[in-house]
Amino acid sequence: MRHFTAGLQSVDPEIFAALEAETSRQRDGIELIASENLVSRATLEAIGSPMVNKTVEGYPGGRYYGGAEHADRIESLAIERAMQLFGARYANVQPHSGSQANLAVFLAFLTPGDSVLSMDLSAGGHLSHGAGPNISGRWFDVVSYGVDGDGFLDYDAMAATARATSPKLIIAGGSAYPRAIDFERFRSVADAVGATLLVDMAHWAGLVAVGLHPDPVPVADVVTATTYKNLRGVRGGFILSHRDDLARKLNSAVFPGVQGSVILNSVAAKAVAFKEAMSPEFEHYANGVLDNARALAATLVERGTTVLTGGTDTPLLVIDLRPLALTGAAASDALESAGLTANKNGVPDDPQPPKITSGLRLGSSAGTARGLGVAEFTQIGHWIADVVESMKSGSIESVAARVRGEVDGLVSRFPIYSV
Ligand code: DSN
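Everything in this summary refers to the structure shown in the same document. (Residues numbered from 1 in each chain as written. Predicted model: local features only at pLDDT ≥ 70, side-chain atom pairs only at ≥ 80, totals over all residues. Heavy atoms only, no water.)

**Observations regarding the side chain of Arg187**
Following the sequence through the fold, Arg187 ends up in helix H9 (residues 183-193). When its relative accessible area of 15% is taken as the criterion, Arg187 is described as buried. One polar contact links Arg187 to Asp221, side chain to side chain, over a distance of 3.2 Å. Once residues within four sequence positions are removed from consideration, Arg187 is found in contact with Ala195, Leu197, Val219, Ala220 and Asp221. (Helix = DSSP H or I, 4+ residues; strand = E, 2+ residues; numbered from the N terminus. Buried < 20%, exposed > 50% of the residue type's maximum accessible area, 1.4 Å probe, protein only. Polar contact = N/O pair within 3.5 Å; in protein donor to acceptor, adjacent residues only side chain to side chain. Contact = heavy atoms within 4.5 Å.)

**As for the packing of aromatic side chains**
Applying the stated criterion across every chain yields a total of eight aromatic pairs. Here Tyr155 and Phe186 contribute two aromatic rings whose centre-to-centre distance is 6.0 Å and whose plane-to-plane angle is 75°, an arrangement assigned as edge-to-face. With a gap of 31 residues between them, Tyr155 in helix H8 (residues 155-165) and Phe186 in helix H9 connect regions that are remote in the sequence. For Tyr155, a relative accessible area of 16% corresponds to the buried category. Taking 5.9 Å as the distance between ring centres and 40° as the angle between the ring planes, the aromatic pair formed by Phe183 and Trp204 counts as tilted. A residue pair is termed long-range when its members are at least 10 positions apart, and Phe183 in helix H9 and Trp204 in the loop between strand S8 (196-200) and helix H10 (205-209) qualify at 21 residues. Taken together through their ring pairs, the aromatic side chains of Phe86, Phe238 and Phe274 make up a single cluster. (Phe/Tyr/Trp six-rings, centres within 6.5 Å; stacked < 30°, edge-to-face > 60°.)

**Concerning the layout of surface pockets**
When its volume is computed, the largest pocket comes out at roughly 740 Å³. Contributing elements (two or more residues each) for the lining of the largest pocket: helix H3 (13-28), strand S1 (30-31), helix H4 (41-47) and helix H15 (365-369). Here the lining of the largest pocket takes seven residues from H3, the largest share from any one element. Partitioning the lining of the largest pocket into residue classes produces 13 nonpolar, nine polar and seven charged. Approximately 550 Å³ is the volume found for the second largest pocket. Together, 20 residues line the second largest pocket, and Leu121, Lys344, Asn345, Gly346 and Pro354 are the ones closest to its centre. Looking at which element gives the most residues to the lining of the second largest pocket, the answer is strand S13 (residues 343-345), with three residues. Across the lining of the second largest pocket, the residue classes tally to six nonpolar, 10 polar and four charged. (1 Å grid on protein atoms, 1.4 Å probe; cavity = no way out; pocket = protein on both sides within 12 Å on 5 of 7 lines; lining within 4 Å. Points joined across faces, edges and corners; volume = space filled by probe spheres on them. Nonpolar A, V, L, I, M, F, W, Y, C, P; charged D, E, K, R; others polar.)

**A word on the site of the ligand**
By nearness alone, every residue bordering the ligand is listed as Ser35, His126, Ser175, His203, Tyr228, Lys229 and Arg361. One of the side-chain nitrogen or oxygen atoms of Arg361 is found 2.7 Å away from an oxygen atom of the ligand. In isolation the ligand offers 230 Å² of accessible surface; the protein chains occlude 74% of this area. Tallied by class, residues from the shell around the ligand come to one nonpolar, four polar and two charged. (Near = heavy atom within 4 Å. Areas by Shrake-Rupley, 256 points an atom, 1.4 Å probe, with all protein chains shown as cover.)

**Overview of the pattern of salt bridges**
Oppositely charged side chains are able to pair whenever their charged atoms sit close together. Evaluation of the coordinates by the stated rule reveals 21 salt bridges. Between Glu22 and Arg25 there is a salt bridge, and its shortest N-O distance comes to 2.8 Å. Within this pair, Glu22 and its partner Arg25 are both found in helix H3, separated by three residues, close to a single helical turn. Judged by its relative accessible area of 29%, Glu22 is partly exposed. Here Arg187 ties to Asp221 by a salt bridge, and the two come within 3.2 Å at their closest N and O atoms. You can see Arg187 sitting in helix H9 and its partner Asp221 sitting in the loop between H10 and strand S9 (222-226), a full 34 residues away along the chain. An identical accessibility class is assigned to Arg187 and Asp221; each is buried. Here the salt bridges do not stand alone but share partners, grouping Arg187, Asp191, Asp221, Arg243 and Asp245 into one network. (Salt bridge = Lys/Arg side-chain N within 4 Å of Asp/Glu carboxyl O.)

**Details of a nonpolar patch on the surface**
Residues Leu8, Ile15 and Leu19 make up a contiguous nonpolar surface patch of about 250 Å² in total accessible area. Residue placement: Leu8 occurs in helix H2 (residues 8-11). Residue classification places Leu8 among the partly exposed residues on the basis of a relative accessible area of 38%. (Patch = residues over 30% accessible without salt bridge, like charges linked within 9 Å, V, L, I, M, F, W, Y side chains within 5 Å.)

**Some remarks on the pairing of strand S14 (residues 359-363)**
Among the five residues in S14, five count as buried, and that is most of the element. Burial along S14 is two-sided: Gly359, Arg361 and Gly363 and Leu360 and Leu362, pointing in opposite directions, are all buried. Pairing analysis gives five bridges linking strand S11 (residues 316-320) to S14, with the strands arranged antiparallel. Following the sheet pairing, Ile319 is matched in S14 by Leu360. Alignment of S13 against S14, held across three bridges, turns out to be antiparallel. Across the sheet, the residue bridging to Asn345 is Gly359, located in S14. (Pairing = 2+ DSSP bridges.)

**Points about the sheet that holds S14**
If you trace the three strands from one edge of the open sheet to the other, you get S11-S14-S13, paired in antiparallel fashion. Looking at the sheet topology across the chains shown, the edges are occupied by S11 and S13. Across the sheet, the mean angle separating the axes of adjacent strands is 35° when strand polarity is ignored. Set on the sheet, helix H13 (residues 280-302) makes contact with S11 and S14; between it and S11 the angle comes to about 15°. (Axes fitted to C-alpha atoms, helices over the stretch in contact; angles between N-to-C directions.)

Now the structure itself:
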């Protein structure tokens, strides 16, 4: 029957062509978006498997649908591996994303109107931690903490705000804060005001997995994360805790609280990512991610670029373009024309709106996955500085063309998926 045999190219040539073009784009450029990575062939096989057809609700051993034997095996393996990888006593691998994982935590511990203390979006926080347009900001009473003049998290101000507002939930972590966070300090503040402590480790979960970053799991009540950033896995979220007494509350918050059926092919691919992250090869990779991010930051600083906090303890770093009077939007467009993909990002007290911004966020996870090392990331730092400086000198077209040619030479030595 043609339904089961005809390939994408013949059924839908437009989508086929766009997918081929995207694979080429990933192959031919250098990916510096901190929330992206390049998954393994094994992960692609898991996410593209006929498990996509299966519907289940509930949890392994307690489903609302039949035929769940293999789904149960897969989800149980994913849960066991997540707990083993992070030394947790509870894991939920069903959240469709990090934002869904965070929403489930809100549902588990709060009712609308309760107060939440989290990092301000402009200081590096995340939309789902209480930003105004997000459900977390619309339904809860959110107060924020930020960073000091050097860009480091202001713990004293955070503690003072907690004492003044007695939040029910305190969140540590974000999506553009480059430094390691003092989880013990957050714990003592949460205990002093009787708050639940949530750590969102989406941007450095891979480093935590191999001991290259402070571990929030033994300290926080709940930890959320995604599998697709430096964990190098499929797009999706998960929840961990060292407290097995929270299992019922968190499970029912995910299903039926904020989600229905499970995306089982994604759960299978998450299980693959957790397995891969327990390998010596992944430890080598994670060390490379950190070394490369630090080399990139050091090169940019050496070239006179303003890097928030002067460096990084994570796979990401943020450039402040205000001293150059450039915007993040213009700089990311210029870099893209040179074969380097990054995202514009707000910086603390940013005068520009979110679609323009005064910053650029860079990450080393995807480049490291294709084999780039410190020498290559040092070169990338020089290319970024060259492009940004050329925006000031009016030589952007020739500089971007020269860098594009050099990027072509580099990526041809580090191939990704064969087309
Ligand atoms: N959390 C967003 C980011 O950091 O880019 C999406 O994953």
